[in-house]
Structure formats: C-alpha cells, structure tokens
Amino acid sequence: MGLSLVFALAVAGCGGDDALSKDEYIAQANAICEDTYTHLEAVFAESVADLPAEFTPEEFADVLVGGFLDQYTAAIEDQLADLRALAAPEGDEILLASFYDEVEAVLGAIDQLADAAAAGDPTAIEQLTAREDPGHSGLPVVSAAFEDVDMRAMEYGLTVCGGS
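Residues numbered from 1 in each chain as written. Predicted model: local features only at pLDDT ≥ 70, side-chain atom pairs only at ≥ 80, totals over all residues. Heavy atoms only, no water.

(A) Region of interest: the nonpolar core. One finds Tyr25, Tyr72, Tyr100, Phe146 and Leu158 to be the most contacted residues of the largest nonpolar core, which totals 43 residues. Considering each element in turn, this core owes the most residues, 11 residues, to helix α3 (residues 57–85). (Core = buried A, V, L, I, M, F, W, Y, C linked by side-chain atoms within 4.5 Å. Buried < 20%, exposed > 50% of the residue type's maximum accessible area, 1.4 Å probe, protein only. Helix = DSSP H or I, 4+ residues; strand = E, 2+ residues; numbered from the N terminus.)

So this is what it looks like as structure tokens:
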C-alpha cells in the first residue's frame, strides 16, 4: 500500500498538465485490458487444447497449475504496470492506485490457491475447477475473486477491465 501512496503522490505532484481526462484514461485503459484479455483467451485455449472432451477436475487443475495461472497472473501484472503508467485523471490518482492494489491482492490469493492445488490439496483443486460459473474462460475462482474489483472498475467506466 505504501508504494501506491508514493505512486499517487508522485502522479499528483506532476501537476495537471500530464493528467489525462477521465474519458481519455478510460479509453486507453480499456484498450490495454482488451489486449490483455485477447492474449489470455489464446493462452487459455492453447492450455486446454490437449484435454479430453470429458476431463476430471484433477486433470483441469493440472493444466491450470501447470502453467496457465502463472501466465495469467504475469499478464495481469503487466496490464497493471501499463495501467499504472497512464497519467491518471486529476483527483483520481489515489482512487485508481487503491483499485490496482486490490487487483494485486486478488492475484496473490489466486497464486496461493494455485500453489495449494499444485501441492495436491483437494479443496484447492475443487475451488479451481468448480463449474458453477463458466465466466473468465471457465475459471470460476477467478470470476468470484474479481467480482468486487470488476464492479468497481465498471462503476469508474473501465468496462473492458471490469468485464474481465
């Protein structure tokens, strides 16, 4: 959180000349998110391509912890870096920094769950592979984890980022 505050203060200290308007920020942020999600859809499709038509939760968890979730979190971390590099609209610096901190916290939780699944924890495997909600390319744990963050993004106007 301290890093976010430093970031927000640094952005605020730069003055309004570099700040984007809210509409400009939203357009650029949504474009960044669109690029990330297009990439992740391709990575996911490639990751599950070798699964049989009928697969077990354990087989799906193996795909997830065998590389997809690492690629997923790396792509979202890159996306966050790009979003943080945008000059936030004047007055929204702290709000956006806080929001992006929440995304990082969710990524940390997903990493912990993936580590538990990789260690063979059946509860973690079940959480990763539950099929109640096919959102997020069939990853309900991601959908559930990002539910609040997505809602905040949508309220701000980040329709692509919030519709992840």
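(B) Representation of the environment of Pro57 within the structure. Note on placement: Pro57 falls in helix α3. In this structure the C-alpha to C-alpha distance between Pro57 and Gln127, which are 70 residues apart in sequence, comes to 9.7 Å. Dropping the residues within four chain positions of it, Pro57 is found in contact with Ile125 and Thr129. (Contact = heavy atoms within 4.5 Å.)

(C) A look at the side chain of Thr73. By the element assignment, Thr73 lies in helix α3. Residue Thr73 is classed as buried on the basis of its relative accessible area of 5%. Beyond its immediate chain neighbours, meaning those up to four positions away, Thr73 contacts Leu107 and Asp111.

(D) Highlighting the packing of aromatic side chains. The final tally for this structure, using the stated rule, is 6 aromatic pairs. Consider the rings of Tyr25 and Tyr156, whose centres lie 6.4 Å apart with planes at 90°: the pair is edge-to-face. Here Tyr25, found in helix α2 (residues 22–48), pairs with Tyr156, found in helix α8 (residues 147–156); they are 131 residues apart in sequence, far enough to count as distant. Per residue, the accessibility class of Tyr25 equals that of Tyr156, and both read buried. Between Phe44 and Phe60, the ring centres sit 6.3 Å apart and the planes meet at 85°, which makes this aromatic pair edge-to-face. Linking Phe44 in helix α2 with Phe60 in helix α3, this pair joins segments that are 16 residues apart in sequence. Each member of the pair Phe44 and Phe60 is classed as buried. In this structure an aromatic cluster arises from ring pairing among Phe44, Phe55, Phe60, Phe68 and Tyr72. The ring of Tyr156 has Lys22 sitting right over it, with the charged end atom 4.3 Å from the ring centre. (Phe/Tyr/Trp six-rings, centres within 6.5 Å; stacked < 30°, edge-to-face > 60°. Lys NZ or Arg CZ within 6 Å of the ring centre and 35° of its normal.)

(E) Expanded view of the pattern of salt bridges. Per the stated rule, a full pass over the model turns up 3 salt bridges. In this structure, Arg84 and Asp101 form a salt bridge, with 2.8 Å as the shortest nitrogen-oxygen distance. Of this pair, Arg84 sits in helix α3 while Asp101 sits in helix α4 (residues 93–118); the two residues are 17 residues apart in sequence, bridging distant segments of the chain. Both residues of the pair, Arg84 and Asp101, belong to the buried class. Note that Arg84 and Glu104 form a salt bridge whose closest N and O atoms lie 3.5 Å from each other. One end of the pair, Arg84, is in helix α3; the other, Glu104, is in helix α4, with 20 residues separating them in the sequence. According to the relative accessible area criterion, Arg84 is buried, its value standing at 15%. Overall, Glu104 belongs to the partly exposed group, its relative accessible area being 38%. Each of Arg84, Asp101 and Glu104 takes part in one network of salt bridges that share partners. (Salt bridge = Lys/Arg side-chain N within 4 Å of Asp/Glu carboxyl O.)

Shape is all these values report; function is a separate question.
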